[in-house]
Amino acid sequence: MVAERRLKEIEALKNERIELLQALDAMRIQVATTLQDDKIRESSLFKNVEAELEYHRTENQLLKNRLDKVFVEFEEMQADRRKFVEQLEAEEVGRRKVLEAEIKKLSDDLTRVRGNRDSLQHTLDLRSSKDEAEIVQNEQIRMIANTRKVGRHVPRRAL
């Protein structure tokens, strides 16, 4: 019984020793890693990479700020362009209305002038016809008058 108890104690001590060795190994690894991390952080290569990282972070922030500014300017320019296009379209509509009104006025004037021209042409045609009729009539009167004169003069000579 004493031997069994001692055997159990020896087994318990062996297990405890194994656990302690495992814990010691874990602590050694942790210490080694921590020391390595500290050594890595103190190395010039790490410091250079860290400085470059900070530089690129700063550069990234500057570029992001620039991009934001350019985007705001772009939106403002788009708004200005929209306003300008709307203004041009409004001016075009206004000019088109003015031109359409002028065309209508000119068309009305042309219709009126054509009507006057047609009326004057008709009056001229009537006048020309009347004048031709008067000329023909005057020619006939002259012929009659000349025939009367000639007829009166001939018998007087014969007399």
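Source: prediction; values computed, not measured.

Secondary structure assignment for the chain yields 2 helices and 0 strands. Taken over C-alpha atoms, the radius of gyration comes to 63 Å for the chain, far larger than the 15 Å a tight globule of 159 residues would show. The dimensions of the chain, computed from C-alpha atoms along their principal axes, are 210 × 45 × 25 Å. By the burial criterion, 0% of the 159 residues in the chain qualify as buried. Surface accessibility of the chain: about 15,500 Å² in total, with carbon and sulfur atoms responsible for 59%.

The topology assignment puts Thr-123 in helix 2 (residues 44-158). The class for Thr-123 is partly exposed, based on a relative accessible area of 45%. Separated by 19 residues in the primary sequence, Thr-123 and Arg-142 have C-alpha atoms spaced 28 Å apart.

Moving on, we get to the environment of Thr-34. Note on placement: Thr-34 falls in helix 1 (residues 2-42). When the C-alpha positions of Thr-34 and Asp-109 are compared, they lie 102 Å apart, and in sequence the two are 75 residues distant.

Here the focus is a negative patch on the surface. On the surface, a cluster of negative charge is made up of Glu-73, Glu-75, Glu-76 and Asp-80. Position of Asp-80 among the secondary structure elements: in helix 2.

Bringing the pattern of salt bridges into the picture now. A full pass over the atoms with the stated rule returns 11 salt bridges. A salt bridge links Asp-25 to Arg-28, with the nearest nitrogen and oxygen atoms 3.9 Å apart. Of this pair, Asp-25 and Arg-28 both sit in helix 1, 3 residues apart, roughly one helical turn. Take Asp-25: its relative accessible area is 42%, and that puts it in the partly exposed class. One network of salt bridges, with partners in common, ties together Lys-105, Asp-109 and Arg-112.

Its location among the elements puts Phe-74 in helix 2. With 13 residues separating them in the primary sequence, Phe-74 and Gln-87 have C-alpha atoms 20 Å apart.

Thresholds applied
- Residues numbered from 1 in each chain as written.
- Predicted model: local features only at pLDDT ≥ 70, side-chain atom pairs only at ≥ 80, totals over all residues.
- Heavy atoms only, no water.
- Helix = DSSP H or I, 4+ residues; strand = E, 2+ residues; numbered from the N terminus.
- Rg over C-alpha atoms; globule rule 2.2 N^0.38 Å.
- Buried < 20%, exposed > 50% of the residue type's maximum accessible area, 1.4 Å probe, protein only.
- Areas by Shrake-Rupley, 256 points an atom, 1.4 Å probe, with all protein chains shown as cover.
- Patch = residues over 30% accessible without salt bridge, like charges linked within 9 Å, V, L, I, M, F, W, Y side chains within 5 Å.
- Salt bridge = Lys/Arg side-chain N within 4 Å of Asp/Glu carboxyl O.
- Lys, Arg positive; Asp, Glu negative; His and termini not counted.
- Charge placed at Lys NZ, Arg CZ, Asp CG, Glu CD.

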